[in-house]
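Coordinate analysis (summary)
Listed below, chain by chain, are the residues.
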Amino acid sequence: MKGPSHYKDWPNSLGFDATYEERNPVELQVEGSIPSYAAGTLFRTGLGPRTVQTLNGKEFKVNHWFDNFSQVHRFQIHASEAGSPVRVTYNSRLTSDGLIEKIRKTGKLDGFTFAAKYDPCKSLFRKVQSVFQQQPPQEPNEVNAAVTISANFPGLSRTGQQFNGPHSHDKILTLCNKTDANIFQMLDPETLEPVGLARQNTLHPELGGAGSGAHARSDPSNGDLFNYNLDFGHTGTYRVFRVSAATGKTSILGKFHHTAAYLHSLFLTENHVVLCVWNSTYKAGGASILWTQNLLDAMVWNDQHPATWFVIDKRPVEEGGKGLVAKYESAPFFCFHTINAYEEPSNLEDGSIDIVADLAAYEDMDVLHRFYLDNLISDSPKAAEYMKSLDPAVRPNYRRYRLPLVSAGTAHKSSTAVLEYESSKADALELPTINPRMVTQKHRYMYGIVDTGKSTFADGLVKHDAETHTVIRWSKHGHTAGEPIFVPDPRSSEEDGGVLLTVVLDGLAGQSYLLVLDAKMMIEVGRAHVNGALGFGFHGLHVSSGERVGRFNGLSV
């Protein structure tokens, strides 16, 4: 009997309900030639199974991409020895298997979710309990937190206790999953077993707010870590903080009150942290989370007010920092991912600087609703109907903003953030990345996944030239690629000298592979075949052999 058809014959359903797992490292078949400088470890966050068979005979099913059960993948790229080719080994682990077991026994999901539909009869108290629990769950494997992943996160020990002093620069001692909440899931760097849990107030007692961004930023010069903490209330209270890689000490760089919003990422420059509060706001200052069924239902698109950009000195006060130094406004928009930001001399006033900030922007936040799985899975009847009436607003475009005269700015009034460029949606990119050597520097090339309508999800990769605005694409029918990770060629002085690492699902064959692309020409140079289908995840981290761990990983930390 013939099964359901896939939209435009581009199967992706295995990527949203993955059951393949390899607890012990296995050797992968390698095709082509993987360069030796790519040797190291590639960690990828991913998705596990969508469905759980419960003891009461019912089936529990996840309904939103952001709520799938977490799995982490580890590709070890072994340098060539005595002229032998580069080898790749692979292991993976469900990092939420304890949560799955609880659901199997109870038939329900409690805890932090993005868009799960709860029982409408649940009491207010249980709703409050189930969103942003104030105490970590009992076991480290009872959370979903694998959005971004960090190695040697400063200030935290292997199991999530406060750690004073520097981590080793020569090896991966700690590994942690992060999400858009105040929680860290600590993993064993080799087996990927969850070994501990922590919250941001482990780093500093004032970081008690429930919200944060999954994308912390790492200073490429010294490994210091930057992020924000959001405390809900009548208005949101934002605390931007730094964790010193040298000492493990956490400092509050700036504190301000503003509309509470869902902010997945922020910007870092040589001297500043930039937090843009775009227009994905929480109702009633975030108090709505207490009575809505999930975070998505607690949000509202608010285009009656501008997006507001806050510029904070990277230095703590005790080191001469000035806290909040400038504020800007722009037309409303929504964003998941910032790309990069850098400072340059201003043309408007001698001695002043401008900040240039690149991101992937949306007209509104309807894209959050697109990510319900019935809209994404290629053989879902709803997906075909959804694609027929797809609103262009759910696709992003690349934008460049300029924040002028930062050094002459004042936090007491708002200047205008100038939109200098925006691409067409056809040339847009998501899950963006750049050469990590260019973090906080003026960059030219950006890479990401693209959605051009060939499938119900992503359908290729793109390289975007920020100077000429030309693009080079990689796409293969039925093959769905994830976020590309740039690995620089140490022998090259060119910004695009290196390779991209990405995990691809061959939907036609039903198996995944690690793809290695030449970053200049976007041409395949090698691949390593996995003996199963890996779930579509979000982000990854590559730690090169011999690289100082914690450096040059400012994009997905």
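Our subject is the structure that appears above.
Notes on the structure follow. Remember, it's a predicted structure, so these values are computed and weren't measured experimentally.

Thresholds applied
- Residues numbered from 1 in each chain as written.
- Predicted model: local features only at pLDDT ≥ 70, side-chain atom pairs only at ≥ 80, totals over all residues.
- Heavy atoms only, no water.
- Helix = DSSP H or I, 4+ residues; strand = E, 2+ residues; numbered from the N terminus.
- Rg over C-alpha atoms; globule rule 2.2 N^0.38 Å.
- Buried < 20%, exposed > 50% of the residue type's maximum accessible area, 1.4 Å probe, protein only.
- Contact = heavy atoms within 4.5 Å.
- Areas by Shrake-Rupley, 256 points an atom, 1.4 Å probe, with all protein chains shown as cover.
- Salt bridge = Lys/Arg side-chain N within 4 Å of Asp/Glu carboxyl O.
- Pairing = 2+ DSSP bridges.
- Axes fitted to C-alpha atoms, helices over the stretch in contact; angles between N-to-C directions.
- Core = buried A, V, L, I, M, F, W, Y, C linked by side-chain atoms within 4.5 Å.

Turning next to the overall build of the protein chain. Helix and strand counts for the protein chain come out as 6 helices and 37 strands. Here the protein chain has a C-alpha radius of gyration of 22 Å; the compact-globule value for 557 residues is 24 Å, and the two agree. Seen through its C-alpha atoms, the protein chain measures out along the principal axes to roughly 70 × 65 × 50 Å. By the burial criterion, 62% of the 557 residues in the protein chain qualify as buried. For the protein chain, contacts bridging at least 24 residues in sequence account for 64% of all contacts bridging at least 6. Accessible area of the protein chain: about 21,000 Å², with a carbon and sulfur share of 50%.

Our next topic: the pattern of salt bridges. Tallied over the full model, the rule gives 35 salt bridges. A salt bridge links Glu-206 to Arg-239; the shortest N-O distance between them is 3.6 Å. One end of the pair, Glu-206, is in the loop between strand S11 (194-198) and strand S12 (211-212); the other, Arg-239, is in strand S15 (residues 236-243), and 33 residues separate them in sequence. For Arg-239, a relative accessible area of 10% puts it in the buried group.

Our focus in this paragraph is the pairing of strand S10 (residues 184-187). For a regular strand, the rule is simple: side chains alternate between the two faces of the sheet. Residues Phe-184 and Met-186 line one face of S10 and the alternating positions Gln-185 and Leu-187 line the opposite face, and both faces are buried. With 4 bridges joining them, strand S9 (residues 175-178) and S10 adopt antiparallel strand pairing. Residue pairing in the sheet places Leu-175 in a bridge with Leu-187 of S10. Between S9 and S10, which pair antiparallel in sequence order, lie 5 residues.

The strand order across the open sheet built from 4 strands is S23-S24-S25-S27, with neighbouring strands paired in antiparallel fashion. The open sheet has two edge strands, strand S23 (334-345) and strand S27 (418-422), and neither has a second partner. The average undirected angle you get between the axes of adjacent strands in this sheet is 25°. In this structure, strand S24 (residues 353-362) lies alongside strand S25 (residues 397-403), joined through 7 bridges in antiparallel fashion. Counterpart to Asp-358 in the pairing with S25 is Arg-400.

Counting residues in each nonpolar core, the largest one holds 95 residues, and the members touching the most others are Trp-65, Trp-309 and Phe-333. Among the nonpolar cores identified, the runner-up in size contains 21 residues, and Ile-34, Ala-38, Leu-42 and Ala-528 belong to it.

Another aspect to go through is unusual backbone geometry. Here Lys-8, not a glycine, exhibits a phi torsion of approximately 55°, which is positive. Mapped onto the fold, Lys-8 is located in the segment before strand S1 (26-27).

This next bit is on the sheet that holds strand S21 (residues 307-313). Hydrogen bonds along the backbone pair up the strands of a sheet, which may run parallel or antiparallel. Taken in spatial order, the 5 strands line up as S17-S18-S21-S22-S26 in an open sheet, and their pairing is mixed. Every other strand in the sheet has two partners, leaving strand S17 (267-268) and strand S26 (414-416) as the edge strands with one partner each. For strand S22 (residues 324-330) and S26, the ladder comprises 3 bridges, and the chain directions are parallel. Within S26, the position partnered with Lys-327 by the bridge is Ser-414.

When you line up the elements, Thr-269 lands in the loop between S17 and strand S18 (272-277). Looking at Thr-269, the relative accessible area reads 0%, which means it is buried. Spatially, the C-alpha atoms of Thr-269 and Ile-449 are 24 Å apart, while their sequence positions differ by 180 residues. If near-sequence neighbours (up to four positions away) are discounted, Thr-269 is found in contact with Lys-314, Ala-341, Tyr-342, Glu-343, Ile-355 and Thr-440.

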